[in-house]
Amino acid sequence: MLNIVIFGAPGSGKGTQSERIVEKYGLNHISTGEVLRGEIAAGTELGATAQRLIDKGQLIPDELMISILASKLDSLTSGNGVIFDGFPRTVAQAEALELLLERRHMKAVLLDMFVEEDEVIKRLLNRGKTSGRADDNYETIKKRLQVYQAETKPVCTYYLHRHNYFAINGNYSMEDTFCQIDNILRLI
Ligand code: ADP
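(A) Here's a closer look at the site of the ligand. Looking at the ligand, there are 18 residues lining it, with Thr32, Arg37, Gln58, Gly86 and Arg144 nearest. One nitrogen or oxygen atom from the side chain of arginine 37 is found 2.9 Å from an oxygen atom belonging to the ligand. Arginine 133 places a polar side-chain atom, nitrogen or oxygen, 3.1 Å from an oxygen atom of the ligand. Relative to its unbound accessible area of 550 Å², the ligand is 96% covered by the protein chains. Of all the elements, helix H2 (residues 32-42) adds the most residues to the shell around the ligand, at four residues. Across the shell around the ligand, the residue classes break down as seven nonpolar, five polar and six charged.

Following this line, the structure appears as structure tokens:
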């Protein structure tokens with residue numbers, strides 16, 4: 001069974017590529033960013049907590065995020081694999097995901113989408129014009145990129161050591177980026 005962690009900086013195209021992968025491979029898609037924005041829109045307590053942190057470009061605490069992810073996994077009805085988009089974002093989350101999958105006799109591969117920082121900033125500023133996302137402004141983007149380097153990037157090494165790591169050059173067009181992903185997914 002195919003389980004994928006789609007990984008990369010904010011603005012690296014995780015959401016876009018996830019859609020393409022879902023379309024071709026029929027996987028379940030769990031986007032933690034979307035889950036949180038859903039909670040914010042619904043006006044829940046969790047949403048209020050998330051909003052405060054997201055607006056500052058910070059991460060939601062691991063414990064909270066892990067329990068959200070676990071219940072999302074439990075609620076899936078289709079037996080197909082899962083594409084994890086936005087999770088894990090810390091090594092602690094990577095450890096938790098490994099355990100959650102192990103219990104289900106599964107594992108995941110990580111696709112690391114590398115995009116130059118200037119390009120990522122350009123994309124996010126552009127997205128901010130239409131997304132209505134309060135975190136797509138220059139100051140918050142800078143903060144998110146710092147958090148990404150410090151807390152999220154080490155997740156790559158975690159997968160590298162487990163031989164479940166694949167690098168993708170995300171600087172190319174959407175099509176060409178998907179081509180690289182597709183070539184890898186056909187082989188595993
Ligand atoms: P992007 O990849 O553009 O930063 P996301 O939609 O994946 O956007 O996430 C938006 C925000 O939600 C993040 O900046 C972070 O504050 C929060 N978030 C999402 N997923 C996680 C996670 N796994 N752990 C902690 N915080 C998260």
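Read on for the rest.
(B) Molecular detail of unusual backbone geometry. The step from phenylalanine 87 to proline 88 runs through a cis peptide bond, and the omega angle for that step is 0 degrees. Positive phi is not limited to glycine here, since histidine 105 has a value of about 55 degrees. Positioned with a positive phi, histidine 163 is a non-glycine residue whose angle comes to about 60 degrees. Assignment of secondary structure puts histidine 163 in the loop between helix H8 (154-161) and strand E5 (165-169).

(C) How the structure looks around the environment of arginine 89. With respect to the helices and strands, the residue arginine 89 is situated in the loop between strand E3 (82-85) and helix H5 (91-103). Assessed through its relative accessible area of 28%, arginine 89 is described here as partly exposed. Every residue in contact with arginine 89, bar those within four places of it in the chain, is listed here: Thr32, Leu59, Glu151, Thr152 and Val155. In terms of polar contacts, arginine 89 uses its side chain to reach the backbone carbonyl oxygen of glycine 86, at 3.1 Å.

(D) The arrangement of the side chain of asparagine 28 in detail. Mapped onto the fold, asparagine 28 is located in strand E2 (residues 28-31). A polar side-chain atom of asparagine 28 sits 3.4 Å from a polar atom in the side chain of serine 78. Ignoring sequence-local partners within four residues, the contact set of asparagine 28 consists of Leu76, Ser78, Asn80, Gly81, Val82 and Ile83.

Here is what the cut-offs are and how they apply
- Residues numbered from 1 in each chain as written.
- Predicted model: local features only at pLDDT ≥ 70, side-chain atom pairs only at ≥ 80, totals over all residues.
- Heavy atoms only, no water.
- Near = heavy atom within 4 Å.
- Polar contact = N/O pair within 3.5 Å; in protein donor to acceptor, adjacent residues only side chain to side chain.
- Areas by Shrake-Rupley, 256 points an atom, 1.4 Å probe, with all protein chains shown as cover.
- Helix = DSSP H or I, 4+ residues; strand = E, 2+ residues; numbered from the N terminus.
- Nonpolar A, V, L, I, M, F, W, Y, C, P; charged D, E, K, R; others polar.
- Buried < 20%, exposed > 50% of the residue type's maximum accessible area, 1.4 Å probe, protein only.
- Contact = heavy atoms within 4.5 Å.

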